Amino acid sequence: MSRKRQIHLGLFLQGAGHHVSGWRHPDAEAGSENFELLRRVTQMAEAAKFDMVFLADGLTSGVDAHPSMIARFEPLTLLSALAMVTDQIGLAATASTTYGEPYHIARAFASVDHLSHGRAAWNIVTTSYARTANNFSKSHPEHDERYAVAGEFVDVVCGLWDSWDDDAFKKDKQSGVYADPAKVHVLDHAGKYYSVKGPLNIPRSPQGHPILIQAGSSGPGQDLAARTADVVFTAQQSLAEAQAFYKSLKTRVVAFGRRSEDVAVMPGFLAVIGRTSTEAAEKLAELDRWTDIKSAMPLLEERLGHSLAGHDLDGPLPDLPISDQLRSRAELLTELAKREKLTIRQLALRVAAGRGHHMLVGTPVEIADRMQQWFEAGAADGFNVMPPFFPQGLEDFTQLVVPILQERGLFRLDYSGSTLRDHLGLDRPALPAAAG
Ligand SMILES: Cc1cc2nc3c(=O)[nH]c(=O)nc-3n(C[C@H](O)[C@H](O)[C@H](O)COP(=O)(O)O)c2cc1C
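Asks: Which parts of the structure should I look at to understand the packing of helix α4 (residues 102-115) against helix α5 (residues 143-161)?
Replies: Two quantities define a packed helix pair, namely the angle between the helix axes and the distance between the axes. Close contact between α4 and α5 brings their axes to 9 Å; oriented N to C, the two are set at 50°. It follows that α4 is oblique to α5 by the angle criterion. The hand of the α4/α5 crossing is right-handed. Contacts between α4 and α5 involve P102, Y103, I105, A106, F109 and A110 from the former and F153, V156, V157, L160 and W161 from the latter. Taken together, the residues of the contact of α4 with α5 sort by class into 11 nonpolar, no polar and no charged.

Pasting the structure below:
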């Protein structure tokens, strides 16, 4: 499919907002379990013609977690509900390769793809936090091992999605053939980590394969994405870093024999929008004023993978070994602190606002200019939009920024197809020859 390159937009949906204090804003309606709010903002993103709504996930909880992450719906369950109240927007959910089973994941995403008529996407994550193991009766593998498991896991899922020819389910009343035995393909996978026979117990889904998103930015993360993913979700701070990541990822994509445009790179983007620069700055200052440093520190420490107890909050970040927990984010934050000479307190406040994702405080034109710059300078193919709080943060973006992008021809005026593959300009995968 060849068409004019345009920006892809995802709504990174977190019920209590992205800024750690977003839920405290007088206009915020908070709650990751507030379905009425989640439905309304998803429909708002659909009316604005976003490519997809995106649900992150974790498999632990705790009172000192980010408010959007203390309690939230299981994402595939939520996607099923959202599929019933939307028609066109893509529906992306996070599921872990370290704590899931390929058969379950393949079946669940194929099911959502059927229920939504071709709008499902799986955000493949390896799960960073070792404490997750406490909930799953197993031990937590180390970083590179998690990626080795993930590679085989994704192969098994894709193989299971090819279990049936598109026309396998004959349901022929005359002959009595329900499912044609000549059109089933048994995977028979026996690998290092998984033994999965197949076939999957659901017909091949409308997109053939639901869209694969990969979130993990280290070398092994990029290799997994380059080989398997359609979209890469990433955190990037500066234009130069985003360009370097984009180049590195696309080079790997080509090395795997794919076209660079087969994979869309979508950094997270937190925009604090005001009618004037001063109004925008005041909005962020207000949110920051509600942030208690005691609630911000665990978020920073979690991303660095180290406790900062005993260090002067108004002093520089000490030299710490890069943790394997969230390797790419720890590197990003260490680099940011060095580059901008941030104190620990300042760095914690930055993490409280955007968790290390790119943040811009400005007018709608300034926000659109930044997106255009990254899009045209080889830093991004789109953005995962992170409103500081809901619903107003998204309203500001859809009403004030989207029209500017549309006027500039950078974003669609309407959907040109009905599946997420259509929105991303990706063809439906054929069944592999061996399976055909
Ligand atoms: C932008 C981004 C978003 C992520 N989202 C999630 C998530 O929702 N849930 C999760 O368990 N892990 C998430 N991860 C963690 C990754 O799956 C991975 O475990 C972690 O980033 C360490 O790998 P890396 O060093 O390759 O980045 C995310 C990572 C990135 C970079």
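Asks: Just checking my understanding: could you explain the nonpolar core for this structure?
Replies: Generally speaking, a soluble globular protein has its nonpolar side chains buried in company with each other. Ranked by size, the top nonpolar core spans 70 residues in total, and within it L9, F50, W122, W161, I367, M371 and F397 carry the most contacts. The element contributing the most residues to this core is α5, with 10 residues. With residues up to four places along the chain from it excluded, the contact list for W122 reads A93, A95, T97, I105, F109, F153, V154, V157, W161, I211, L212 and I213.

Asks: Just to check I follow, could you spell out the pairing of strand β2 (residues 52-55) for this structure?
Replies: In regular strands, side chains alternate between the two faces of the sheet. Judged by which residues are buried, β2 turns out to be covered on both faces: M52 and F54 on one side and V53 and L55 on the other are all buried. Both strand β1 (residues 8-12) and β2 contribute to a ladder of 3 bridges, which runs parallel. Across the sheet, residue G10 finds its bridge partner in β2, namely M52. Crossover β1 to β2 through helix α1 (residues 35-47) is right-handed. With 4 bridges joining them, β2 and strand β3 (residues 90-96) adopt parallel strand pairing. Bridged to L55 within β3 is A93.

Asks: What's the story with the site of the ligand in this structure? I'm lost.
Replies: Neighbouring the ligand are 22 residues, the closest being D57, T126, Y147, S218 and S328. S328 is positioned with one of its side-chain polar atoms (N or O) 2.5 Å from an oxygen atom of the ligand. Elements supplying a minimum of two residues to the shell around the ligand: α5, β8 (231-234) and α10 (327-339). Broken down by element, the residue count for the shell around the ligand peaks at 3 residues, all from α10. Residue composition of the shell around the ligand, by class: 7 nonpolar, 12 polar and 3 charged.

Asks: I tried to follow the packing of aromatic side chains on my own but got confused; where do I start?
Replies: Here the distance between the centres and the angle between the planes together describe a pair of aromatic rings. Under the counting rule described, the total for this entry stands at 12 aromatic pairs. Ring centres of F12 and F54 lie 5.2 Å apart, and the angle between their planes is 85°; on these two criteria the pair is classed as edge-to-face. Highlighted residues: F12 in strand β1 and F54 in strand β2, separated in sequence by 42 residues. Taken as a pair, F12 and F54 share a single burial class, namely buried. Between the aromatic rings of F153 and Y194, the centroid separation amounts to 5.6 Å while the plane-to-plane angle is 90°, which identifies the pairing as edge-to-face. Here F153, found in helix α5, pairs with Y194, found in the loop between β5 (189-190) and β6 (195-196); they are 41 residues apart in sequence, far enough to count as distant. Both residues of the pair, F153 and Y194, belong to the buried class. Members of the aromatic cluster, each reached through a chain of ring pairs, are F109, W122, F153 and Y194.

Asks: What exactly am I supposed to notice about the pattern of salt bridges here?
Replies: If the charged atoms of two oppositely charged side chains come close together, the side chains can form a pair. For the structure shown, the criterion picks out 28 salt bridges. The shortest N-O distance in the salt bridge between K183 and D167 comes to 3.4 Å. Taken together, the residues K183 in the loop between α5 and β5 and D167 in the loop between α5 and β5 connect sequence positions 16 residues apart. On the accessibility criterion, K183 (18% relative accessible area) is buried.

Asks: Can you help me understand unusual backbone geometry in this one?
Replies: Outside of glycine, negative phi angles account for most residues, and trans bonds account for most peptide bonds. Between G198 and P199 the backbone carries a cis peptide bond, its omega angle lying at 0°. Here P199 lies in the loop between β6 and β7 (211-215). Positive phi is not limited to glycine here, since H117 has a value of about 55°. Of note, H117 is situated in the loop between α4 and β4 (120-125). Positive phi, normally seen in glycine, also occurs at D188, with a value near 55°. Its location among the elements puts D188 in the loop between α5 and β5.

Asks: When you look at the side chain of H25 in this model, what are you seeing that I'm missing?
Replies: Counting through the fold element by element, H25 comes out in the loop between β1 and α1. Classification of H25 as buried rests on a relative accessible area of 9%. When near neighbours in sequence (up to four residues on either side) are disregarded, H25 contacts E286, L287, W290 and F389.

Asks: Mind showing me how you'd approach α10 here?
Replies: Here α10 contains 13 residues, and its C-alpha end-to-end distance of 18 Å stays within 8% of the 18 Å for a straight helix at 1.5 Å per residue. Listed in full, the buried residues belonging to α10 are R327, R329, A330, L332, L333, L336 and A337. Those residues of α10 hidden inside the fold are in contact with α5, α6 (219-228), α9 (293-304) and α11 (344-354). Looking at the residues trailing α10, positive phi occurs at K341, about 50°.

Asks: Would you mind showing me how to read the environment of D180 here?
Replies: By secondary structure assignment, the location of D180 is in the loop between α5 and β5. For D180, a relative accessible area of 15% translates into the label buried. Each C-alpha atom of the pair D180 and K170 lies 6.4 Å from the other, and the pair is 10 residues apart in sequence.

What counts, and where the lines are drawn
- Residues numbered from 1 in each chain as written.
- Predicted model: local features only at pLDDT ≥ 70, side-chain atom pairs only at ≥ 80, totals over all residues.
- Heavy atoms only, no water.
- Axes fitted to C-alpha atoms, helices over the stretch in contact; angles between N-to-C directions.
- Helix = DSSP H or I, 4+ residues; strand = E, 2+ residues; numbered from the N terminus.
- Parallel < 35°, antiparallel > 145°, perpendicular 65-115°, else oblique.
- Left-handed = near helix turned anticlockwise from the far one by under 90°.
- Contact = heavy atoms within 4.5 Å.
- Nonpolar A, V, L, I, M, F, W, Y, C, P; charged D, E, K, R; others polar.
- Core = buried A, V, L, I, M, F, W, Y, C linked by side-chain atoms within 4.5 Å.
- Buried < 20%, exposed > 50% of the residue type's maximum accessible area, 1.4 Å probe, protein only.
- Pairing = 2+ DSSP bridges.
- Right-handed = clockwise from strand over helix to strand, strands pointing away.
- Near = heavy atom within 4 Å.
- Polar contact = N/O pair within 3.5 Å; in protein donor to acceptor, adjacent residues only side chain to side chain.
- Phe/Tyr/Trp six-rings, centres within 6.5 Å; stacked < 30°, edge-to-face > 60°.
- Salt bridge = Lys/Arg side-chain N within 4 Å of Asp/Glu carboxyl O.
- Expected span 1.5 Å × (residues − 1).

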